[in-house]
Structures are given as structure tokens and as C-alpha cells.
Amino acid sequence: MTAPRPTTPRKALGRLSLPERTYVADALRTETVGGVLLLAAAVIALLWANIPALHDSYESVAHYHLGPAALGLDLSVAHWAADGLLAIFFFVAGIELKRELVAGDLRDPKAAALPVVAALCGMAVPALVYTLSTVTGGGSLDGWAVPTATDIAFALAVLAVIGTSLPSALRAFLLTLAVVDDLFAILIIAVFFTDDLNFAALGGAVAGLVLFWLLLRTGVRGWYVYVPLGLVVWALMYNSGIHATVAGVAMGLMLRCHRREGEDRSPGERIEHLVRPLSAGLAVPLFALFSAGVTVSGGALAGVFTQPETLGVVLGLVVGKAIGIFGGTWLTARFTRASLSDDLAWADVFAVATLAGIGFTVSLLIGELAFDGDRTMTNEVKVAVLLSSLIAATLATVLLKIRNAKYRRLWEDEERDEDADGIPDVYEEDDPAYHLRLAAVYERRAAEHRRIAQEKAAARHGLAEVPGGAGEDHHRPA
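Rules behind the numbers
- Residues numbered from 1 in each chain as written.
- Predicted model: local features only at pLDDT ≥ 70, side-chain atom pairs only at ≥ 80, totals over all residues.
- Heavy atoms only, no water.
- Helix = DSSP H or I, 4+ residues; strand = E, 2+ residues; numbered from the N terminus.
- Contact = heavy atoms within 4.5 Å.
- Areas by Shrake-Rupley, 256 points an atom, 1.4 Å probe, with all protein chains shown as cover.
- Salt bridge = Lys/Arg side-chain N within 4 Å of Asp/Glu carboxyl O.
- Buried < 20%, exposed > 50% of the residue type's maximum accessible area, 1.4 Å probe, protein only.
- Phe/Tyr/Trp six-rings, centres within 6.5 Å; stacked < 30°, edge-to-face > 60°.
- Lys NZ or Arg CZ within 6 Å of the ring centre and 35° of its normal.
- pLDDT = per-residue confidence, 0-100.
- Core = buried A, V, L, I, M, F, W, Y, C linked by side-chain atoms within 4.5 Å.
- Patch = residues over 30% accessible without salt bridge, like charges linked within 9 Å, V, L, I, M, F, W, Y side chains within 5 Å.
- Expected span 1.5 Å × (residues − 1).
- Bend = angle between axes of the 7 residues up to and from the residue.
- Axes fitted to C-alpha atoms, helices over the stretch in contact; angles between N-to-C directions.
- Parallel < 35°, antiparallel > 145°, perpendicular 65-115°, else oblique.
- Left-handed = near helix turned anticlockwise from the far one by under 90°.
- Nonpolar A, V, L, I, M, F, W, Y, C, P; charged D, E, K, R; others polar.

Q: For this particular structure, what's the right way to read the overall build of the protein chain?
A: Looking only at helices and strands, one finds 17 helices and four strands in the protein chain. Relative to all contacts within the protein chain whose residues are 6 or more apart in sequence, the contacts with residues 24 or more apart total 77%. On the protein chain, roughly 23,400 Å² of surface is accessible, and the fraction owed to carbon and sulfur atoms is 64%.

Below, the structure is given as C-alpha cells:
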């Protein structure tokens, strides 16, 4: 009878596999650049809306209408940015989620439990905090979903600005959290912010999605087929009464994201690679430009902490997100008997949870939907979202900076490639060929050091034999 093999305890937030690490690095690189553009767009919007000489022009541009009215698409520029451009953002989010489910960490139920539970807790606790704040203060419950969303681009831009060498496992955790967060955010929008349904338009949108799926499954290729079809599906979804961004995430989920034999990248990965820069570099910054332009004054900032709705948003994002994500992560690790990676501490998880309190893009969108028709409250909630994101970014910066020296060492270990084969050494430690290559590298270095030592010794010996040189008697009087 064979003795049972000892099981190795599963490590939470351990080192990523090499393919996953490569994918995450590429994705985060684009999102970080997009996040910097997002920050720039938000600053421009605030300046444009708050400089008295420019305020009227901002309002004129944001509320300028264009589009075919006969198709129900005579929308303002701000509306096009929120309903149109953000559909591209959610399309990319749909592809990310599909890839995580079939080829990433989420395909393993044990590994998926951690970010999924953390994301759910990171949405439920902020909603609860908001609810408690508004019930206690006698405010409106309409904005309960505002503090539930995390803005991955903004969060990564903060990481880029503070220059922290966050280990890839924590970055991947933050990315996966945001992907799951985006999925549930779009479900919240579809379920709770849909008023009157146009069943004819909804039926047309569903039929278009079915056609989209059939074309993908039959191998039809060509952007000239899918882009017009995608626009039709988006327009029908918009006119159905369901938020049009749902069309984007639905089409993203339909793409094939697993690789077949002979493929370097799946169709989903190829399309994501093409569309992600458009999403991060154009769609999201333009949405921020026409959504973040709210009038900010000392009275407005002070009012954030006195009104129950805006206070609920601040507490939900800054406190609720941190407690929810950290608590969900700890409980999952506790009840699945997983231990935290040896290289990390729970303080690192709390810092990332605090960083997830940056809720910008989707929080602003939900704020507009939650208080539609009440422009004053919409603007106040936007100010609360901006202030919350700033507070969360500042707290996370302090917490991450405290551990930055540790992160830098971990990052250097992950990046080290002494045998110069393009693969980090940590992924080759069990490969005999790697050790042979490294031995050859060390032998070449040793041979070079021996040669240098011989040259130095010869030079020193020659100097000692030269009259008047270093070998002469230095006890002579000067």
C-alpha cells in the first residue's frame, strides 16, 4: 500500500507562472500609460470647469448634441463619452474576464476563490457603509452602488507616479480584483439602473449578439464584419433601456481566449492587444474629461463631510474598500487553509486594498445614473468620488512607500536573468540546462578575473624592478 503524498500548503498571492506574468506585465504597462492620461484628463477637466473664463465653454462642449435623432442617438458629447466610449472599456474588461476564466488564474477554482471573494467583499462592504451612513443621516439610498467600483487605470497610474516596484503577484491581484469588480459593476448597472425596457430593441440586440457569436464560431474574420455589427448591437442595446456598455462586455465575453495548436495568441488576446490602447489611451481619458469637470469650492469640499450621501461615498471607498478586500482575502486564506506567500506580509495586502479605494471611472458613471435628474447631487457625489480617490491614493502611497525597499528586492529577484536567455532565473531553478548555462557564465567570469589578476600582478612585479620605483628603499633622507 502506497503512503499518501504529503500535500504542500497552497500559497496565496504566490509567484505567477511565466505566461501569466508576461500577460500581466503587458496589460499593466498599457493600463499604466492610460492611467497617466486619465489623471491628466481629470486635472484638465477640473481646471476647465473651475476657471471662470473657461467654465461656459466647458459646459457648451460637454452638452453639445450630435448624432442621428431618427435612431434615438441624438446625444450630448458627455453622453457619447459615457455610453459610447465606455463600451470600448467594458469590451476590453469582458475579454480580460474571459481570458482569466479560461487561461488565467480564475480557471482554477481554488486560485479564483481569493480574488473573487475579495472583490465581492470589496463591493458589499462599501455598499453597506454607504447604506449605514445614509440611513443614520436621513439621506438617499440611491447612490449605494457608487463606492463599489475600483478604477484599475487610476490605481496603476498612482503606482507609476510613486515608483514602487510592486511584485507581480500583488499587481496581478489588483488587476484580477478590478476585472471581477468591473463584471459585477456592469451587472449592477444592468439590473438596478434600467428603467423602462424597449423589448423590440432588446430583442434586436440579443439577435445581434447571437449573430456575433455564430460568426465567431464559424471562423468568419475581418474587422469590416464585426465593427459594423458591434455598432448595431450597441445602438440597439442603448435604445432598449439597458445601459449600452452591457453590449461591450457581452461581446468581449464571446471571444475565444484559449490558444489552439500552432497559435501564438488566441483571437481574444490579439483583439485585446489592438483595442486596449484605444480604451486606455482614448476612451477612458475622454470620459474623464467630460465627467470629472465639476465645480469645486471650499464649501463644496466641506459639504462632502456633512451630507450623508457624499459622506457615505467617502467612507465607502476609503474605509469600506480597504476593510472589505482585506477581510475577504484573510477569510478566504483562513478557510481554504492557504498561507500567504513567504515574500509578503498582510500589511502588503492591506496597502493594495487601500489602493483599490480609488474609484473613478465606473464610480462617476454610477453616480450619474444613480442621481439622474438631480444635477446638484450628481455634482456633489462626483466631488466626493474625486476626494475619496485622492485620499485613498495618498494613504496607499504612504503604506506602499514604507515597504518599498522590500518590494524593490523582490522585483530585482523576479527580474534577474544571469544566463541572459530572456527568462527570469526564478522560473528556471528546476531546469538542469539552466544550471549548466549559469556554470558556463561563472566560468567565463572566473577566467576573466584570473586574466585581470595576472595582468595586475605582472604590472606590479615590473614596477618593483624599475629603479626609483615602488620597490626602492624609501628610508633615504629626502
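Q: How should the pattern of salt bridges be read in this particular structure?
A: Any two side chains of opposite charge can pair, given that their charged atoms come close. Within this structure, the stated rule accounts for ten salt bridges. Two residues, Arg 276 and Glu 96, come together in a salt bridge whose shortest N-O distance is 2.6 Å. Linking Arg 276 in helix α10 (residues 267–291) with Glu 96 in helix α3 (residues 77–102), this pair joins segments that are 180 residues apart in sequence. Residue Arg 276 is classed as buried on the basis of its relative accessible area of 4%. What you see here is one network of salt bridges that share partners, running through Glu 96, Glu 272 and Arg 276.

Q: What's the story with the packing of aromatic side chains in this structure? I'm lost.
A: Each pair of aromatic rings is reported with the distance of its centres and the angle of its planes. Scanning the entire structure with this criterion turns up ten aromatic pairs. Measuring from centroid to centroid gives 6.5 Å for Tyr 58 and Phe 290, while their planes differ by 25°, and the two rings are stacked. With Tyr 58 in helix α2 (residues 52–62) and Phe 290 in helix α10, this residue pair connects regions lying 232 residues apart in the sequence. Among the aromatic residues, ring-to-ring pairing joins Trp 48, Tyr 58 and Phe 290 into one connected group. Sitting above the plane of the Phe 335 ring, Arg 334 keeps its charged end 5.7 Å from the centroid.

Q: How do you make sense of the environment of Ala 247 when you look at a structure like this?
A: Relative to the assigned elements, Ala 247 resides in helix α9 (residues 245–254). With 42 residues separating them in the primary sequence, Ala 247 and Ala 205 have C-alpha atoms 8.1 Å apart. Filtering out sequence-adjacent residues up to four positions away, Ala 247 remains in contact with Val 233, Trp 234 and Met 237.

Q: Just checking my understanding: could you explain the confidence of the model for the protein chain for this structure?
A: Note: predicted coordinates in regions of low pLDDT should not be interpreted at a detailed level. Per-residue confidence for the protein chain gives a mean pLDDT of 82, with 86% of residues at or over 70. Confidence, expressed as mean pLDDT per element, reaches its minimum in the protein chain at strand β1 (residues 11–12) with 60 and its maximum at helix α7 (residues 199–217) with 94. With pLDDT under 50 throughout, residues 1–7 is counted as low confidence; its partners more than four residues away or in other chains account for zero contacts.

Q: I keep staring at the nonpolar core and nothing clicks. Help me out?
A: It is characteristic of soluble globular proteins that their nonpolar side chains tend to be buried jointly. The biggest cluster of nonpolar side chains holds 108 residues, and the ones touching the most others in it are Leu 174, Met 237, Val 313, Leu 355, Ile 358 and Phe 360. Looking at this core element by element, the count peaks at twelve residues for helix α6 (residues 168–192). Ranked by size, the runner-up nonpolar core spans seven residues in total, among them Ala 87, Trp 234, Ala 235 and Ala 244.

Q: Please clarify how a nonpolar patch on the surface should be interpreted in this entry.
A: Taken together, the side chains of Val 43, Leu 47, Ile 51 and Leu 54 define a hydrophobic patch exposed on the protein surface, amounting to about 330 Å² of accessible area. Relative to the elements of secondary structure, Val 43 occurs in helix α1 (residues 18–50). Take Val 43: its relative accessible area is 47%, and that puts it in the partly exposed class.

Q: For this particular structure, what's the right way to read α3?
A: Between its first and last C-alpha atoms α3 spans 37 Å; for 26 residues at 1.5 Å apiece the expected length is 38 Å, and the two agree. The largest bend in α3 is about 35°, located at Leu 86. The element α3 is extensively covered by neighbouring structure, given that 20 of its 26 residues are classed as buried.

Q: Teacher, can you tell me more about the packing of helix α4 (residues 109–137) against helix α12 (residues 308–335) here?
A: Two numbers describe a pair of packed helices, the interaxial angle and the distance between the axes. Taken N-terminus to C-terminus, the directions of α4 and α12 make an angle of 150°; their axes are 6 Å apart at the nearest point. By the criterion of interaxial angle, the relationship of α4 to α12 is roughly antiparallel. In this structure, the crossing between α4 and α12 has a hand that is right-handed. When its residues are assigned to classes, the contact of α4 with α12 shows 15 nonpolar, eleven polar and two charged.

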